Amino acid sequence: MDGRPGSLGRLLALRGRLGFESQPDLLAEVAEALRARGADAGLAWLEVAAALPPGDQVSFLSALRTARVPGLEARAYDLAIEPQVASRPGWRVRYLEGLAMGLDADYLLTGFRLLNRWESWETRAAPLLPDASGFVPEASLDVFAARLAPGLCLGTYLGILWRLCGALPGFGASLESIPWRSLTVEAAGRFSELLTTLWSDSVPVDVGRRRWRRARTMLPRLLGLLERVPPEHQARCIEWVHWLVASPNKAEPWSASEECVSAVLVLAERCRRPPFLPRSQLPQAVEPLLHHPEARVRERLLALPERVLRRFERCCVDENQGALVWQGISVMMEHASDLVLDAWGSNPELLARSAALVGTLRAADARALLVEFAQHPWVRENPFTAPEVDGATLARAFSSEGLENPFPRKARLAWTQARVLSPGQQARALQVAASELPRLRLQLLVRACWRWLRGTLTADTREPVVQHALRMAALLQDNRRPFRRFLARYFAGTSDPVRHHPLSRDWFLRHPRVDEALWLRGLTVRREVPGMGAVTLALEQEPLEALRLGTHVGSCLALNGLCDYSAVSAVLDANKRVLYARDSRGRVVARQLLAISRDETLVPFAVYPERVEAGLRDCFLDYDLAFADALGLPLSDGPEFPDVESLWAQSFWHDGAWDLGGREPQPSSSRGMDRPASNAGS
């Protein structure tokens, strides 16, 4: 105290309102407030504390001390905030810090109230603060939150949108104009994701506001488009803007030119209704064209007929495949943009397949291959317009290269019969063949890719299982080295390289209880499944076919999937087997991974695809029970995480044993993690 008579009197007047008797720690907090702030300022804050229930007074003064806001005046504190922060000390500290920053009390109150209303924050950190205040459309955000709840974490979305209301001039008004009720739940979520791309802790304020100026002019156009879109395609339209404008792969977010933005909206509107699909990777695939520096590229893209776009889109439905198409198109636009544009209009399916193959290569390898490809005489020049061109000679040259003959059938027949075409017939044959030049060049590119992928292996790249294996080898990050060593031995003709690998032999020696022949051969079970007919379940004996266990069903073990390395583990490790269910035509309709754990239990993993028919799922269960009985091993009854070793492979994704209705899972350090290899693959 400074000794002034008024200060002592004010303190004595507060004594009855401050719960010293019930709060032993209160005296120390009072003394600290007076020491740190002086008599007048300290007493002003004590008067605020005295207005609170006794149980909140210590936590209030503690938050004031923690916040370290010496210049903040007590009159700035709005007691209306207390219901939002009383039980959350970190929130009260953040509120005090916001006031000290000069943020408006109403802005803080509205944001804290929204977050408190729509999210359970007991275990969450206090909200982050922007550098400025702004209008917050609380009613509109309540509608948004109600549209998304339940099932989604609203705290992140609401927190960012609230911060943007303060950080970006006019953002609140734009937010208020969004008709949340007319959007589907998915579209509302996508729209909020789109808006949150405007915020990042790492982005300077001036950069964020520059992005907002661009976004602010585009949002009304997007909202107008959504009014014309069937509900099931709303989210798709928003994704076009999200992927191509707000967060493109290779460009600065929200930096697209007006021409690019207009092109994006035009394409989104053209693809806004059936027969275009509600979801595909088409937006990502066209990104390299939309962001190309030459306007003619966008013009040619926009000029493509809808039927061509639909044909291309159907090659980009799968997310893993679509990512490869995007990677391939990106590199091809750097070195063969005219070929991409020509082929998109005439051969969209072949272009998509070729781009996915180019996308399989590492970027540096793909660029080197395309530079080499550009030097081919049929790529450098049009072979059908060369002086004194002879169709019969060209046809033989195409056949020797293994390419489809682009000449019309009558001309080919005449040449095989050694008949000479008239000048007019020759000219017409060359004209027809010239129209197939993009197809011819793509075939050359595909052949070059396969040569690159095959390398020194004696592999027949015409076989689908070989093609899949070579692409898998190129895309792998983990298990890459042991898989390439396996392929070298496999294509060299080594008999059963997995079974005879030293690590496999060691595993069988350590597990004499396992009947090796039965484990590798498995059982064969044939059943009639309602709605599917005859189905046969058997362990896959061909390793390259087993490698496709993820690709067949579209799981994360597929080609270019998140856990593609685990497909390799299923093939290289002798303690794992792939079980396929095939229909009467031999097509894989479902699959399951089986393994033997370190403590010798048969571990069945989940059946894929996830939405497999119940009758077929029962067939897998019957197989697992019968196989475990034949092996004399207990069947692991999930959900749990038996210890499954890695042998030749170095990584394996363990997502838990198939839940057969057993006990609830216990916390495990192995859950959802790669298991390290027991040995380095040799």
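Predicted model only: the values in this text are computed from it and were never measured.

Trainee: Describe unusual backbone geometry, listing the residues and the values that go with them.
Mentor: Residues Pro 274 and Pro 275 are joined by a peptide bond in cis, for which omega reads 10°. By the element assignment, Pro 275 lies in the loop between helix H13 (258-270) and helix H14 (282-290). For the peptide bond that leads from Tyr 608 to Pro 609, omega is 5°, which places it in the cis range. Tracing the backbone shows Pro 609 in the loop between strand S5 (602-604) and helix H32 (614-631). Positive phi outside glycine occurs at Arg 68, with the angle close to 55°. Its place among the elements puts Arg 68 in the loop between helix H3 (54-67) and helix H4 (82-85). You can call Arg 68 exposed: its relative accessible area is 73%.

Trainee: If you had to explain the pattern of salt bridges to someone new, which residues and values would you point to?
Mentor: Taken as a whole and assessed by the stated rule, the structure comprises 38 salt bridges. The salt bridge involving Glu 138 is made with Arg 117; its shortest N-O contact spans 2.9 Å. Taken together, the residues span a long stretch of sequence, with Glu 138 in helix H7 (residues 138-148) and Arg 117 in helix H6 (residues 105-118) at a distance of 21 residues. The exposure class assigned to Arg 117 is partly exposed, which follows from its relative accessible area of 38%. For Asp 573, the salt bridge goes to Lys 576, with nearest N and O atoms at 2.7 Å. Exposure class is identical for Asp 573 and Lys 576. Each is buried. One continuous salt-bridge network, built from bridges that share partners, spans Glu 186, Arg 190, Glu 193, Glu 239 and Arg 279.

Trainee: Report on the side chain of Thr 461, specifying residues and quantitative values.
Mentor: Take Thr 461: it is sitting in the loop between helix H25 (437-454) and helix H26 (464-475). On the basis of relative accessible area, Thr 461 is assigned to the buried category, the value being 14%. With residues up to four places along the chain from it excluded, the contact list for Thr 461 reads Trp 450, Arg 454, Val 466, Gln 467 and Leu 470.

Trainee: Mind laying out helix H2 (residues 26-50), listing which residues take part and the relevant values?
Mentor: Its 25 residues place the ends of H2 only 11 Å apart at the C-alpha level, less than the 36 Å of an ideal helix rising 1.5 Å per residue. The sharpest bend along H2 measures roughly 130° and falls at Gly 38.

Trainee: Break down the packing of aromatic side chains for me, citing the residues and quoting the values.
Mentor: Across all of its chains, the model carries 25 aromatic pairs by this definition. Taking 5.1 Å as the distance between ring centres and 80° as the angle between the ring planes, the aromatic pair formed by Phe 60 and Tyr 77 counts as edge-to-face. Residue Phe 60 is located in helix H3, and its partner Tyr 77 is located in the loop between H3 and H4; the two are separated by 17 residues in the primary sequence. With relative accessibility at 0%, the residue Phe 60 sits in the buried group. Ring centres 4.9 Å apart and planes at 15° place the aromatic pair Tyr 107 and Trp 162 in the stacked group. Of the two residues, Tyr 107 sits in helix H6 while Trp 162 sits in helix H8 (residues 154-167), which places them 55 residues apart along the sequence. For the pair shown, Tyr 107 and Trp 162 are each scored as buried. Joined through ring pairs, the aromatic side chains of Trp 45, Phe 60, Tyr 77, Trp 91, Tyr 95, Tyr 107, Phe 112 and Trp 162 make up one cluster. Positioned above the aromatic ring of Trp 91, the side-chain terminus of Arg 88 is 5.4 Å from the ring centre. A cation over a ring is seen here: Arg 163 above Trp 199, with NZ or CZ 4.4 Å from the ring centre.

Trainee: A description of the sheet that holds strand S2 (residues 533-539) should follow, citing residues and the corresponding values.
Mentor: If you walk across this open sheet you meet the 5 strands as S1-S2-S3-S4-S5, and the pairing is antiparallel. Bordering the open sheet on either side are strand S1 (524-529) and S5, each of which pairs with just one other strand. Adjacent strand axes in the sheet meet at a mean angle of 25°, parallel and antiparallel pairs treated alike. Judged from the 6 bridges that link them, S1 and S2 form a sheet pairing that is antiparallel. Paired with Val 529 across the strands is Gly 533, a residue of S2. With respect to the sheet, H32 is in contact with S1, S2, strand S3 (576-582), strand S4 (588-596) and S5, its orientation differing from that of S4 by roughly 30°.

Trainee: Before we move on, can you summarise H32 with the specific residues and values?
Mentor: A rise of 1.5 Å per residue sets the reference length of H32, with its 18 residues, at 26 Å; its end C-alpha atoms lie 26 Å apart and thus fit the reference within 8%. Among the residues making up H32, those that are buried are Leu 616, Cys 619, Phe 620, Tyr 623, Asp 624, Phe 627, Ala 628 and Leu 631. In an axial view of H32, the angular spread of the buried residues amounts to 165°, which keeps them on one side of the axis. In this fold, the buried residues of H32 make contact with helix H29 (516-521), S1, S2, S3, S4 and S5. Downstream of H32 by one or two residues, Gly 632 has phi in the positive range, about 75°.

Trainee: Lay out the nonpolar core with the relevant residues and their values.
Mentor: Ranked by internal contacts, the top residues of the largest apolar core, which has 197 residues, are Tyr 77, Phe 171, Phe 191, Trp 344, Phe 407 and Phe 483. The contacts of Phe 171, once residues within four sequence positions are left out, are Leu 161, Leu 164, Cys 165, Leu 195, Leu 198 and Trp 212.

Trainee: Before we move on, can you summarise the environment of Leu 289 with the specific residues and values?
Mentor: Within the secondary structure layout, Leu 289 lies in helix H14. When its relative accessible area of 1% is taken as the criterion, Leu 289 is described as buried. Residues Leu 289 and Val 525, 236 residues apart in the sequence, show an inter-C-alpha distance of 51 Å. Discounting chain neighbours no more than four positions away, the residues touching Leu 289 are Val 297, Arg 298, Leu 301, Ile 329, Met 333, Val 340, Leu 341 and Trp 344.

Trainee: With reference to specific residues and values, describe the packing of H3 against helix H5 (residues 89-101).
Mentor: Viewed as axis vectors pointing N to C, H3 and H5 meet at an angle of 50°, and their least axial separation amounts to 9 Å. Taken together, the axes of H3 and H5 are oblique relative to one another. Judged by the twist between their axes, the crossing of H3 over H5 is right-handed. Contact with H3, carried on its side by Asp 56, Ser 59, Phe 60, Ala 63, Leu 64, Thr 66 and Ala 67, involves Pro 89, Arg 92, Val 93, Leu 96 and Glu 97 of H5 and no other residues of that element.

Trainee: Mind laying out the pairing of S2, listing which residues take part and the relevant values?
Mentor: As consecutive antiparallel partners, S1 and S2 are separated by 3 residues, and within that stretch Gly 531 has a phi angle of approximately 85°, a positive value. Relative to S3, S2 is paired through 4 bridges, and the arrangement is antiparallel. In the sheet register, Leu 539 faces S3, and the bridge partner there is Leu 579.

Trainee: Give me the lowdown on the packing of helix H27 (residues 480-491) against helix H31 (residues 564-572), citing residues and values where you can.
Mentor: Contact geometry for H27 and H31: axes closest at 10 Å, N-to-C directions at 45°. One way to sum up the angle between H27 and H31 is to call them oblique. Judged by the twist between their axes, the crossing of H27 over H31 is left-handed. Residue-level inspection shows Pro 482, Phe 483 and Phe 486 of H27 in contact with H31, the latter providing Val 568, Val 571 and Leu 572. Here the residues of the contact of H27 with H31 sort into 6 nonpolar, no polar and no charged.

Parameters at a glance
Residues numbered from 1 in each chain as written. Predicted model: local features only at pLDDT ≥ 70, side-chain atom pairs only at ≥ 80, totals over all residues. Heavy atoms only, no water. Helix = DSSP H or I, 4+ residues; strand = E, 2+ residues; numbered from the N terminus. Buried < 20%, exposed > 50% of the residue type's maximum accessible area, 1.4 Å probe, protein only. Salt bridge = Lys/Arg side-chain N within 4 Å of Asp/Glu carboxyl O. Contact = heavy atoms within 4.5 Å. Expected span 1.5 Å × (residues − 1). Bend = angle between axes of the 7 residues up to and from the residue. Phe/Tyr/Trp six-rings, centres within 6.5 Å; stacked < 30°, edge-to-face > 60°. Lys NZ or Arg CZ within 6 Å of the ring centre and 35° of its normal. Pairing = 2+ DSSP bridges. Axes fitted to C-alpha atoms, helices over the stretch in contact; angles between N-to-C directions. Arc of directions from axis to C-beta. Core = buried A, V, L, I, M, F, W, Y, C linked by side-chain atoms within 4.5 Å. Parallel < 35°, antiparallel > 145°, perpendicular 65-115°, else oblique. Left-handed = near helix turned anticlockwise from the far one by under 90°. Nonpolar A, V, L, I, M, F, W, Y, C, P; charged D, E, K, R; others polar.

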